[in-house]
Amino acid sequence: MISDSKLARRSFLISVTVFTLVCGGYYLMSLSKTDGHYIYLIDDAYIHLAMAKNFVLHDVWGVTRYQFSSTSSSPLFTYLISVLISFFGNNDQLSLYFNIVFGFGIVYFLNRYFSGIFRESKNIVISVLFTLFFSVLHLQVLSGMEHVFHVFLFVVNICCFSNFKNKYSVYGFYLSLLLMALVRFESMFYFVILAFVLVLIKKWKDALGVLLMGFVPIILFGWFNYQQDGYFFPNSVVVKGTRFTFDSNFPHQLKTIFLDNFLLNVSFYKIGFFPVLLSVVFIARDYHKKSFQELIKDNFFLIVISLLMICHSMFADLKGMFRYEAYILAGFSMALIPKLKELFGNFRNYIRIERLIAGIVLMNILLLIYKFSFAHKMLENGGKNIYEQQIQSAKFLHTYYNESKVVANDIGAITCFTDIHLLDTAGLGSVETIVFNENKKHPDAEFQNFLAQYTTNNAYDIAIIYDAWLQNYIPKNWKKAAELKIKNPITVARDKVSIYAVDQDNLQELKENIRNFNWNRNVDVTIAN
């Protein structure tokens, strides 16, 4: 018989090899389309790099070097990238290296977790790989965002909780909560739900510890943030988050939360419905067999993560890259696979007897295939999209307008690779425009007038925007100089970016600069009449 240590080592090596080959293959594919330099799949990755650069080089917590802006929704991740920059220099690949390290960490802890459940290497490897690809972790690693770190902390948290009698596991549990708080603010849902379920089984002390460790860092950061710009949360949370306002609009807000975001949300049924349904089946089977306390204890994380998925759908975002819910999907796998242990032992007999469960498991496998195929499309052309649109825009600005005043609404690459002064129409990088964007507001005539007056009074030079984001409310005094169009948009908001002269006296010079710039061959440049 193979020893436990050899079993764990073998399964880890197999899992990490498969995962590395998948990530490495997509990495090389991306390089072949971006002139040999790896480009992240979404522009948001460059926001963290821009802020980290400015914090290290200029001692400014902001997306530009000139003023504070709470643009990062993951302050701890951004800070850690700034630490890496201080040691290794201003390298835009540091986020990728960070994710690779913590991606391997996730494989390690998942392997340890499932090694405590299965005695065969094959079953451990299947469980680890299913969890990785069910949470689309290869996509998260290559995106250069904070979500890999978030999944890592969540996996560690569940591993530590499952061995809570060990004092080091207790330390790991609370430390992961502390760090999770400042990696993603959606973690607040987890803290509240975890504490609530602990209260149900009368673990009052543990519930209090969860709330303190989870919320104290958020409160401290919020207090600091409020002192700087008057908002408790980072700009992205204010702009994108769902919140209640107890006014005449309250019934509409309830409809948005419970119907639009949850019950009628197609993304919820693609991502969370079948894991929740499988959890409900297991919980329902114990309902008449066990006492209330036993029911909660034996299905603890099924209950926690199901409630977390529902809350996330109602109050946060379900995105095409599955990045915001990646930690929840990893948690579902860790909670559900132990319940399906018999499926691994006697597959044919299990699916014959447990047809309902087998059917739901099949749907989750089909979801995995769907997500993997969708991720393939993003990984195939995502970096190419960003390279042809955001990186080209950044290079153009760096060449002709490196320290100019620029209006934009996709701000990552253009702030990472230039020293521009920025007005962000989406509100992520400019506190001045938050009021026009918070609680998912749409552009209107008031915003149009503000942009016209503010950019004129403050002598802005050019604007690089998606016309559709401002709809029909582009300021009349801006004059279009050109449109930049790419093919097959996958990870960008639109296929076309417009360049405007905010200062009309510079219109002809702007057009000439656009003509003279060496654009990527895949960018279709149209000079306006």
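Residues numbered from 1 in each chain as written. Predicted model: local features only at pLDDT ≥ 70, side-chain atom pairs only at ≥ 80, totals over all residues. Heavy atoms only, no water.

A. Quick peek at the overall build of the protein chain. Regarding its fold elements, the protein chain presents 24 helices and six strands. For 529 residues, the compact-globule estimate of 2.2 N^0.38 gives 24 Å, and the C-alpha radius of gyration of the protein chain, at 24 Å, lies within 12% of that figure. Overall, the protein chain is about 80 × 55 × 45 Å in size when its C-alpha atoms are taken along their principal axes. Looking at the protein chain as a whole, 56% of its 529 residues are labelled buried. Here the analysis covers contacts within the protein chain between residues at least 6 apart in sequence; of these, 69% occur between residues at least 24 apart. (Helix = DSSP H or I, 4+ residues; strand = E, 2+ residues; numbered from the N terminus. Rg over C-alpha atoms; globule rule 2.2 N^0.38 Å. Buried < 20%, exposed > 50% of the residue type's maximum accessible area, 1.4 Å probe, protein only. Contact = heavy atoms within 4.5 Å.)

B. A look at helix α3 (residues 75-88). Compared with the 20 Å implied by 1.5 Å per residue over 14 residues, the 20 Å span of α3 between its first and last C-alpha is a close match. Of the residues making up α3, those classed as buried are Pro 75, Leu 76, Phe 77, Thr 78, Ile 81, Ser 82 and Ile 85. Of the surrounding elements, those touching the buried residues of α3 are α2 (44-58), α4 (94-115), α7 (147-161), α8 (167-181) and α10 (204-229). Just downstream of α3, Gly 89 is the residue with a positive phi angle, here 90°. (Expected span 1.5 Å × (residues − 1).)

C. Seen up close, the nonpolar core. Counting residues in each nonpolar core, the largest one holds 160 residues, and the members touching the most others are Phe 114, Tyr 190 and Phe 300. When residues of this core are assigned to their parent elements, the largest contribution, 14 residues, is made by helix α20 (residues 355-400). Excluding residues that lie within four positions of it along the chain, Phe 114 makes contacts with Ile 124, Ser 127, Val 128, Thr 131, Ser 333, Met 334 and Ile 337. Val 407, Leu 423, Ile 465 and Val 502 belong to the second-largest nonpolar core, a separate cluster that totals 15 residues. (Core = buried A, V, L, I, M, F, W, Y, C linked by side-chain atoms within 4.5 Å.)

D. Examining the side chain of Gln 140 more closely. As for its placement among the helices and strands, Gln 140 is situated in helix α6 (residues 137-143). Owing to a relative accessible area of 0%, Gln 140 belongs among the buried residues under this scheme.

E. How the structure looks around the pattern of salt bridges. One pass over the full model with this rule turns up 13 salt bridges. A salt bridge links Arg 323 to Asp 44, with the shortest nitrogen-to-oxygen separation between them at 3.6 Å. You can see Arg 323 sitting in the loop between α16 (300-315) and α17 (326-336) and its partner Asp 44 sitting in helix α2, a full 279 residues away along the chain. Of the charged contacts, one joins Glu 388 and Lys 384 as a salt bridge, the two residues approaching to 2.8 Å between their closest N and O atoms. A residue pair is termed a helical-turn pair when its members lie 3 or 4 positions apart in one helix, as Glu 388 and Lys 384 do in helix α20 at four residues. Bridged by salt links that share partners, the residues Asp 467, Lys 480, Glu 483 and Lys 496 form one connected network. (Salt bridge = Lys/Arg side-chain N within 4 Å of Asp/Glu carboxyl O.)

F. Broad picture of a nonpolar patch on the surface. Taken together, Phe 258, Leu 259, Leu 263, Leu 264 and Tyr 269 make up a surface patch of nonpolar side chains, about 450 Å² in accessible area. Here the nonpolar patch gets three residues from one element, more than from any other, and that element is helix α12 (residues 250-263). Structurally, the position occupied by Tyr 269 is in helix α13 (residues 266-271). (Patch = residues over 30% accessible without salt bridge, like charges linked within 9 Å, V, L, I, M, F, W, Y side chains within 5 Å. Areas by Shrake-Rupley, 256 points an atom, 1.4 Å probe, with all protein chains shown as cover.)

G. Molecular detail of the pairing of strand β1 (residues 405-408). Here β1 runs beside strand β2 (residues 421-424); their pairing, made up of four bridges, is parallel. Each residue of the ladder has a partner; that of Val 406, found in β2, is Leu 422. Where β1 and strand β3 (residues 462-465) come together, three bridges link them in parallel fashion. Each residue of the ladder has a partner; that of Val 406, found in β3, is Ile 462. (Pairing = 2+ DSSP bridges.)

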